[in-house]
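Breakdown of the fold
Each chain, written out:
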Amino acid sequence: MAKRYAFVKEKQCAACGACGNVCPRGAISVFRGCYAAVDESLCVGCGLCERVCPANAVMIRDRKDEKLGIECSPEDKARGACPMCRELATSIPYTPEIPIPKLSGRKKR
């Protein structure tokens, strides 16, 4: 499985199909004429879809960030909202000065 994958912001997507036309693996298709949908098992994260999207609705994400629970995009950080914490603390804005805790480097024996 690739380290990166494409993610579509459904509300922003224009369903034009440009991303699906350039996808070398055929991982993107327009779902019922509403928005583009990505088959993450086929996506290799090449970024072609992100470059051609006229609505800037496609983002390339790292799978490792998803496993760690990190879902903050640059847009969310700029707005001051962290989607990962939105439900837990809706009144507390995201502050980039507070570092995200790192996993310990110790290996179990």
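The coordinates are above.
Report follows, based on the coordinates. For clarity, every value in this text was computed on a predicted model and none was experimentally measured.

**Observations concerning the overall build of the chain**
Counting secondary structure elements, the chain contains 4 helices and 4 strands. Start at the N end of the chain and walk to the C end: the helices and strands fall as β-α-β-β-α-β-α-α. With 109 residues in all, the chain has 25% of them scored as buried. When the accessible area of the chain is evaluated, it comes to approximately 8,200 Å², of which 53% is carbon and sulfur surface.

**Examining the nonpolar core**
The nonpolar side chains of a soluble globular protein tend to be buried with one another. In terms of nonpolar packing, the biggest core is built from 15 residues, with Ala 6, Cys 19, Ile 28, Ala 36, Cys 49 and Val 58 touching the most fellow members. Among the secondary structure elements, those contributing two or more residues to this core are β1 (4-8) and β4 (58-62). Per-element accounting of this core gives the leading share, 3 residues, to β1. When residues no more than four places from it in sequence are discounted, the contact partners of Val 58 are Ala 6, Phe 7, Val 8, Cys 19, Cys 49, Glu 50 and Cys 53.

**Description of the environment of Val 38**
Within the element layout of this structure, Val 38 appears in strand β3 (residues 35-38). Residue class for Val 38 comes out partly exposed when judged on its relative accessible area of 22%. Sequence separation between Val 38 and Ile 28 is 10 residues, and the spatial gap between their C-alpha atoms is 4.6 Å. When sequence neighbours within four positions are dropped, the list of residues in contact with Val 38 reads Ala 6, Val 8, Ala 27, Ile 28 and Cys 43.

**Things to note about the packing of aromatic side chains**
Applying the stated rule across the entire model yields 1 aromatic pair. Seen in terms of ring centroids, Phe 31 and Tyr 35 are 5.5 Å apart; in terms of plane orientation they differ by 40°. Their pairing is tilted. Residue classification places Phe 31 among the partly exposed positions, given a relative accessible area of 37%. You can call Tyr 35 partly exposed: its relative accessible area is 22%. Note that Arg 61 overlies the ring of Phe 7, its terminal NZ or CZ placed 3.8 Å from the centroid.

Thresholds, definitions, all that
Residues numbered from 1 in each chain as written. Predicted model: local features only at pLDDT ≥ 70, side-chain atom pairs only at ≥ 80, totals over all residues. Heavy atoms only, no water. Helix = DSSP H or I, 4+ residues; strand = E, 2+ residues; numbered from the N terminus. Buried < 20%, exposed > 50% of the residue type's maximum accessible area, 1.4 Å probe, protein only. Areas by Shrake-Rupley, 256 points an atom, 1.4 Å probe, with all protein chains shown as cover. Core = buried A, V, L, I, M, F, W, Y, C linked by side-chain atoms within 4.5 Å. Contact = heavy atoms within 4.5 Å. Phe/Tyr/Trp six-rings, centres within 6.5 Å; stacked < 30°, edge-to-face > 60°. Lys NZ or Arg CZ within 6 Å of the ring centre and 35° of its normal.

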